[in-house]
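Now for the letters of each chain:
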Amino acid sequence: MLEVRGLEAAYGASQVLFGLDLTIGAGEVISLLGRNGMGKTTTVRSILGLLRPRGGAITFAGSAIAGLPAYRVAQAGIGLVPEGRQIFPNLSVHENLVATARPPRAGTSGEAWTLERLYALFPRLAERQANMGNQLSGGEQQMLAIGRALMTNPRLLILDEATEGLAPLIRAEIWRVLAALKQTGQSILVIDKNVEALSRIADRHYILEKGRIAWSGDSAALRGDAALRGRYLGV
Amino acid sequence: MPLLLFLEQTLNGLQFGVTLFLMAAGLTLVLGIMNMVNLAHGAFYMLGAYFAATLVPITGSFFMSVVLALAGAAAVGLLTEMVALRTLYSRDHLDQVLATFGLILFFRELVKIVWGPIAIFMDVPDLFSGRVEIVPGAPYPVYRLLVLAVGVTVGGFLWWLITRTRLGMLIRAGASNREMVGALGVDIKRLYTLVFALGCALAALAGVMAGPLYVVDIGMGDDILIKTFVVIVIGGIGSVRGAFVAAIIVGMVDTFGRILPSQFGLSATIAELAIYILMAAVLFWKPRGLFPAAG
Ligand SMILES: Nc1ncnc2c1ncn2[C@@H]1O[C@H](COP(=O)(O)OP(=O)(O)OP(=O)(O)O)[C@@H](O)[C@H]1O
Ligand SMILES: [Mg+2]
């Protein structure tokens, strides 16, 4: 589904990614781990076309997307739940969901996302439909950011720190939703600091260290290697 | 002041107010959403009037000419946005001011070449040339009432467009976080081009409506442009609702500012200052205008 080869990215003169490789298969849930400032968000921004990569190739569903403007990448079928949520504060919950909604691309299987289906997944959002984005709690904003991305009917969903700064109960709710999405066959790339929850839900993991993939493997390997977690994740 | 004069001037003020609103709606969106200072907005007011004044004798239909003039101005706006303005969005305001001032000069010369330097006249369409007595004893020109009705209708249409449609949602979303709108799959450049062209069509509509009331000449866009900027600053930059309210207020203050001083034996120069005093007062009380746009 997504294949990243030798990705390099920089902010001005300071290079952040130094030849990163990563693949995500159809229906897979992949995690991207790493301490603060290692380049996880930069990786996401490069894939989305929000940051123009310096080098490397990115292929999504068979076509090269590196260097395309963000709207084309999104239209190709990548749905972003960005770091910091970034919902539209001056739009209502309902409007946040429908403003950028898109039907699934022709030829994609699976049930399409509709408002009804989304509100069934997040009953809280249904109650808050008429509220403006800036009237929501952090947890509700996060649900809205996920819902907004789902309404574009993405083939790959990318979540950047979707549980950061949330109360334990809300976090559990988000993990529950991600597990439910996985059940439907949704491909997901999830960035998070919670290794425990990730090792339950993700099929494979990548650990990012100073702009390179330092380790990759499955959940059993990650869980079994305390030295690895201590070295790269500080946990 | 005699009551009849007061009523007549109130209608005049409202009518000038909605004309200002047609100008301000596009300008405030372009400035609020794209963060772009466009001094050339008055050029589309002028072009609308010239197009319509030329088309009326050819087509023989006022309505038809208006439609074509708006389409023509929107097309010129589209071209201008794609060729010149697109490169200016990321530049600072001084660059934008200089470049769009250049565009004013460009359009002035262009009009001079095509239509000549002398003002042209546009007749009030026959259908609307009469007067009606809305208040007994005070016949009021039907055409001015038409301008008023068109302005209010367009105001309603814009309200619907911005609060009730997908396009309107995207316009508001783009005003608060344009990168995110792009990251969710919307071509924001195309959206901006569309908004810009719409703004140009509205400016042209204001120019067409003003054509039969004043004269159609090369300077016609300049005076109204300055007042339009006053309107969007008072209303709150980026707010169409604010533009509507402020346009009516400015239209009233400007109209009454012209007649009141003479009623009290004062100098008429106060009239010229009235709207600027109003702007200063509003900004002192509400620095971001009456209806600051969210985000
Ligand atoms: N806009 C920017 N301009 C310059 N440098 C930046 C910018 N954004 C990030 N960086 C730098 O790039 C490096 C990688 O940042 P990035 O945000 O990708 O890390 P991250 O892994 O997502 O971290 P976190 O866990 O804190 O979200 C950091 O050293 C950061 O300081
Ligand atoms: Mg990050």
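Peer 1: Even after reading the chapter, I still don't get the overall build of chain B, so can you show me in this structure?
Peer 2: Regarding its fold elements, chain B presents 11 helices and 2 strands. Overall, chain B shows an N-to-C arrangement of helices and strands of α-α-α-α-β-β-α-α-α-α-α-α-α. A compact globule built from 295 residues would reach a C-alpha radius of gyration of about 19 Å, and chain B, at 19 Å, matches this within 12%. Seen through its C-alpha atoms, chain B measures out along the principal axes to roughly 60 × 50 × 35 Å. Within chain B, counting contacts between residues at least 6 apart in sequence, those at least 24 apart form 77% of the total. Total accessible area on chain B stands at roughly 13300 Å², and carbon and sulfur atoms take up 70% of it. The centroid of the 17 positive side-chain charges in chain B is displaced by 11 Å from the centroid of its 15 negative side-chain charges.

Peer 1: Would you explain the overall build of chain A in this entry?
Peer 2: If you tally the helices and strands in chain A, you get 10 helices and 10 strands. For 235 residues, the compact-globule formula gives about 18 Å, and the C-alpha radius of gyration of chain A, at 17 Å, lands near that figure. Here chain A, with 235 residues, has 54% of them falling under the buried criterion. For chain A, the proportion of contacts with a sequence separation of at least 24, taken over those separated by at least 6, is 67%. Surface accessibility of chain A: about 9500 Å² in total, with carbon and sulfur atoms responsible for 50%.

Peer 1: Could you clarify how one ought to interpret the nonpolar core in this entry?
Peer 2: In globular proteins that are soluble, nonpolar side chains generally tend to be buried together. Of all hydrophobic cores here, the largest spans 170 residues; its most connected members are Leu2(A), Ile78(A), Ile158(A), Leu159(A) and Met34(B). Examining the composition of this core, we find that 15 residues originate from one element, helix α1 (residues 3–34) of chain B, more than from any other. Apart from residues lying up to four places away in sequence, Met34(B) is in contact with Leu29(B), Tyr89(B), Tyr192(B), Val195(B) and Phe196(B).

Peer 1: It is not clear to me how the layout of surface pockets should be interpreted in this structure. Could you clarify?
Peer 2: It is a probe the size of a water molecule, rolled over the atoms, that shows where empty space is left. Residue and element names in this part refer to chain B. Computed from the structure, the largest pocket encloses a volume of approximately 740 Å³. Lining the largest pocket are 29 residues, with Ile162, Arg172, Gly238, Ser239 and Val240 positioned closest to its centre. Sorting the residues of the lining of the largest pocket by element identifies α1, α5 (142–164), α6 (166–176) and α10 (240–263) as the ones contributing at least two each. With 5 residues, the single largest contributor to the lining of the largest pocket is α5. Tallied by class, residues from the lining of the largest pocket come to 17 nonpolar, 8 polar and 4 charged.

Peer 1: What is the right way to look at the pattern of salt bridges in this model?
Peer 2: Should their charged atoms come close, side chains of opposite charge can pair. Under the definition given, this model contains 21 salt bridges over all chains. Linking Lys227(B) and Asp254(B) is a salt bridge whose minimum nitrogen-to-oxygen distance equals 3.7 Å. Of the two residues, Lys227(B) sits in helix α9 (residues 220–235) while Asp254(B) sits in helix α10, which places them 27 residues apart along the sequence. Like Lys227(B), the residue Asp254(B) is buried in the burial classification. Three or more residues joined by partner-sharing salt bridges are found here, namely Arg124(A), Glu127(A), Arg128(A) and Glu140(A).

Peer 1: I'm lost on the pairing of strand β4 (residues 55–60) of chain A in this one. Help?
Peer 2: Two faces make up the sheet, and in a regular strand the side chains alternate between them. Residue and element names in this part refer to chain A. Pairing geometry for strand β1 (residues 2–11) and β4, over 5 bridges, is antiparallel. Paired with Arg5 across the strands is Ala57, a residue of β4. Where β4 lies against strand β5 (residues 63–64), 2 bridges are found, and the strand directions are antiparallel. Residue pairing in the sheet places Phe60 in a bridge with Ser63 of β5. Hairpin connection of β4 to β5: 2 residues between the antiparallel strands, including Ala61 at a positive phi of 50°.

Calculation notes
- Each chain carries its own residue numbering, running from 1 in the written order of its sequence.
- Going through the entries in the order they are written, you letter the chains from A and number the ligands from 1.
- For this predicted model, a pLDDT threshold of at least 70 governs which residues receive local features, and a threshold of 80 or more governs which side-chain atom pairs are given and counted, while totals over whole chains, interfaces and linings are taken from all residues.
- Values shown for side chains rest on all heavy atoms present in the structure; no hydrogens or waters enter the calculation.
- Per the convention used, a helix needs a DSSP run of H or I reaching at least four residues, while a strand needs a run of E reaching at least two, with both numbered from the N terminus.
- Atoms counted for the radius of gyration: C-alpha only. Globule rule: 2.2 Å times residue count to the power 0.38.
- Throughout, a contact is declared for two residues whenever any of their heavy atoms are within 4.5 Å.
- The Shrake-Rupley method, run with a 1.4 Å probe, gives the accessible areas here. Residue values count only the displayed protein chains as cover.
- Two residue types count as positive, namely Lys and Arg, and two as negative, namely Asp and Glu; His and chain ends fall outside the count.
- Taken as the charge centre is NZ of Lys, CZ of Arg, CG of Asp or CD of Glu, depending on the residue.
- With a 1.4 Å probe rolled over the protein chains alone, any residue whose accessible area is under 20% of its type maximum counts as buried; one over 50% counts as exposed, and the rest are partly exposed.
- Note on terminology: a nonpolar core comprises buried Ala, Val, Leu, Ile, Met, Phe, Trp, Tyr and Cys residues joined through side-chain atoms within 4.5 Å.
- Two kinds of site are reported from a 1 Å grid over the protein atoms alone, namely cavities, where a 1.4 Å probe fits but cannot get out, and pockets, open sets with protein on both sides within 12 Å along at least five of seven lines, and residues are called lining when an atom falls within 4 Å of a point.
- Grid points are joined across faces, edges and corners, and a volume is the space filled by probe spheres set on the points.
- Put simply, Ala, Val, Leu, Ile, Met, Phe, Trp, Tyr, Cys and Pro go in the nonpolar bin, Asp, Glu, Lys and Arg in the charged bin, and everything else, Gly too, in the polar bin.
- Salt bridge, as applied in this entry: a Lys or Arg side-chain nitrogen positioned within 4 Å of an Asp or Glu carboxyl oxygen.
- For two strands to pair, DSSP has to find at least two bridges joining them.

None of the figures reported here should be taken as evidence of function without further support.
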